[in-house]
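Residue strings, one per chain:
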Amino acid sequence: MAQRTAISRQDIEVQLQPARAKAGQKVWVLANCPIPEGGPEHRGTASSEAFGAPITLEPILATPSPSASATGTPAARPWVRGQATVADSVKAGVYDVNTRCEGTNDTGKAGLRIVSDAKPSSEPTTRPRPTRTIISTHAPGTGGGGTAAGGPNDGSGMPLGATGALLAVALAGGAGYLVVRRRRS
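Residues numbered from 1 in each chain as written. Predicted model: local features only at pLDDT ≥ 70, side-chain atom pairs only at ≥ 80, totals over all residues. Heavy atoms only, no water.

Draft legend 1. Layout of the state of the cysteines. Tallying each qualifying case throughout the model produces one disulfide. Paired by a disulfide, Cys33 and Cys101 hold their sulfur atoms 2.0 Å apart. For the disulfide bridge between Cys33 and Cys101, the dihedral angle about the S-S bond is near -85°, and by the sign convention the bridge is left-handed. Here Cys101 lies in strand β7 (residues 93-101) and Cys33 lies in the loop between β3 (26-32) and β4 (44-47), a separation of 68 residues in the sequence. Of the two residues, Cys33 and Cys101, neither departs from the other in class, the shared state being buried. (Disulfide = S-S within 2.5 Å. Helix = DSSP H or I, 4+ residues; strand = E, 2+ residues; numbered from the N terminus. Buried < 20%, exposed > 50% of the residue type's maximum accessible area, 1.4 Å probe, protein only.)

What follows is the structure in structure tokens.
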């Protein structure tokens, strides 16, 4: 009797685009299926409780570069993909999307998050009211700097009359100095 050895396979990579969807939305399923040598075609299937029925995953063909073969036929890449529609009756939650590569029987899975479709209500939503922040346009009264205590309107600085008189005396003194200097020269 011939002895059969089981080959352990690793799970294949499965991607969902988008990974979050609503009921009725379309989702791409991509699976990294190894290209089979001889035998069945390079395809896969994907199934989930979130979909109405299993979907077929077809190979993604790549156009060869000009230096490749002269035939110009597209070459298969290891990725297969298919598009599924999330069932309208599916409830919010995380659903497994199981994939199987037909040529090699490799399998893998990914989680599809179904979010609820929030329906707009007829009731108006309450919006937060903006709070009013009062910002002072005057510097704080720190004292010791002449008018720093409260600005020009607080009356703690030198009175306007005294300031004007001091300024007039300084100008008169400067003018007198210039006149005396001019006479001596």
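Now that the structure is up, let's keep going.
Draft legend 2. Fine view of the side chain of Thr104. By the secondary structure assignment, Thr104 is in the loop between β7 and β8 (107-114). Here Asp106 takes part through its side chain, which lies 3.0 Å from a polar atom of the side chain of Thr104. (Polar contact = N/O pair within 3.5 Å; in protein donor to acceptor, adjacent residues only side chain to side chain.)

Draft legend 3. Fine view of the packing of aromatic side chains. Overall, the coordinates contain zero aromatic pairs when judged by the stated rule. Of note, Arg81 hangs over the ring of Trp28, and the distance from its end group to the ring centre comes to 4.9 Å. (Phe/Tyr/Trp six-rings, centres within 6.5 Å; stacked < 30°, edge-to-face > 60°. Lys NZ or Arg CZ within 6 Å of the ring centre and 35° of its normal.)

Draft legend 4. Structural view of the pairing of β7. In this sheet, β7 lies alongside β4 in antiparallel orientation, the contact comprising four bridges. Opposite Ser47, over in β7, you have Asn98 as the bridge partner. Across eight bridges, β7 lies against β8 in antiparallel orientation. In the strand pairing of β8, Val97 is matched with Ala110. The hairpin turn running from β7 into β8, its antiparallel successor, is five residues long, and Asn105 in that turn takes a positive phi close to 60°. (Pairing = 2+ DSSP bridges.)

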